[in-house]
Amino acid sequence: MDMIAACGLVCTTCPAYVAGKTADRALQEKTAAEWTAAFGMEVKPEDVVCDGCQSTGSRVFSHCLTCDVRACVHGKGYTTCAECDDYNGCKTINGFFGMCPDAKPTLDGLRAK
Ligand code: SF4
Ligand code: SF4
């Protein structure tokens with residue numbers, strides 16, 4: 001079963017999640033290079049490891065560990081933004097959709113259930 005992040009990303013298909021389960025060094029190196037270019041910050045291969053947004057442990061990728069959406073969702077006691085009454089007008093999640101548009105249909109689908 002897929003683990004959906006607070007923001008609507010699918011953690012179970014994320015390279016950091018997969019690398020964490022498989023110890024795939026080549027995947028870590030490839031993803032570190034891609035994320036360094038995409039995020040404009042240095043990501044080391046050994047940092048590309050994560051147990052997913054809904055994990056209560058400490059092994060969550062640094063960028064997601066400090067994510068405003070994750071902090072807000074978990075602070076309100078939700079699993080994802082799909083549960084929130086402010087979803088449609090929220091600047092935080094809608095700003096995130098500008099960077100990661102694939103997350104929106106996932107959350108919209110959860111809201112339609
Ligand atoms: S929380 Fe972890 S698995 Fe989920 S999207 Fe972020 S880095 Fe990937
Ligand atoms: S206020 Fe925005 S970021 Fe926070 S849970 Fe609601 S929709 Fe998500």
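Here the structure is shown first, and the text comes after it.
Note that the coordinates shown come from a computational prediction; the quantities given were computed from them, not determined experimentally.

Moving on, we get to the packing of helix 5 (residues 91–99) against helix 6 (residues 103–112). Helix 6 packs onto helix 5 with a crossing angle of 135° between their chain directions and a minimal axis gap of 8 Å. It follows that helix 5 is oblique to helix 6 by the angle criterion. Every residue of helix 6 that contacts helix 5 at Ile93, Phe96 and Phe97 is listed here: Ala103, Lys104 and Leu107. Here the contact of helix 5 with helix 6 is built from residues that sort into five nonpolar, no polar and one charged.

Attention shifts here to the site of ligand 1. Neighbouring ligand 1 are Leu9, Cys11, Cys14, Tyr17, Cys50, Gly52, Cys53, Phe61 and Cys64. For the shell around ligand 1, the residue count by class is eight nonpolar, one polar and no charged.

Below, the discussion takes up the pattern of salt bridges. One pass over the full model with this rule turns up five salt bridges. Of the charged contacts in the structure, one is a salt bridge between Glu34 and Lys30, with a shortest N-O distance of 3.1 Å. Of the two residues, Glu34 and Lys30 both sit in helix 2 (residues 25–39), four residues apart, roughly one turn of that helix. The class of Glu34 is partly exposed, set by a relative accessible area of 39%. Its salt-bridge partner being Asp51, residue Arg59 comes within 2.8 Å of it at the nearest N-O pair. Members of the salt-bridge network, linked through shared partners, are Lys21, Asp51 and Arg59.

Here is what the cut-offs are and how they apply
- Here the residue numbers are simple positions, counted from 1 along each chain's written sequence.
- For naming, the first written chain is A and the first written ligand is 1, with later ones following in the order written.
- Totals for whole chains, interfaces and linings use every residue, but because this is a predicted model, local features are given only for residues with pLDDT of at least 70 and side-chain atom pairs only at 80 or more, for both listing and counting.
- By convention in this description, side-chain values take in all heavy atoms of the structure and omit both hydrogens and water.
- A fitted line through C-alpha atoms represents every axis, and for helices the fit uses only the stretch in contact; the resulting angles, taken between N-to-C directions, go from 0 to 180 degrees.
- Where helices and strands are cited, they refer to DSSP runs of H or I of at least four residues and of E of at least two residues respectively, numbered from the N terminus.
- Reported orientations rely on four angle classes, namely roughly parallel under 35 degrees, roughly antiparallel over 145, roughly perpendicular from 65 to 115, and oblique for the rest.
- Pairs of residues are marked as contacts when any of their non-hydrogen atoms sit within 4.5 Å.
- Polarity classes work like this: nonpolar for Ala, Val, Leu, Ile, Met, Phe, Trp, Tyr, Cys and Pro, charged for Asp, Glu, Lys and Arg, and polar for all others, with Gly in that last group.
- We define proximity as follows: a residue is near a molecule or strand when any one of its heavy atoms falls within 4 Å of that partner.
- When a carboxyl oxygen of Asp or Glu lies within 4 Å of a side-chain nitrogen of Lys or Arg, that pair is called a salt bridge.
- Residue burial is assigned from relative accessible area. The probe radius is 1.4 Å, only protein chains are included, and a residue is buried under 20% of its type maximum, exposed over 50%, and partly exposed in between.

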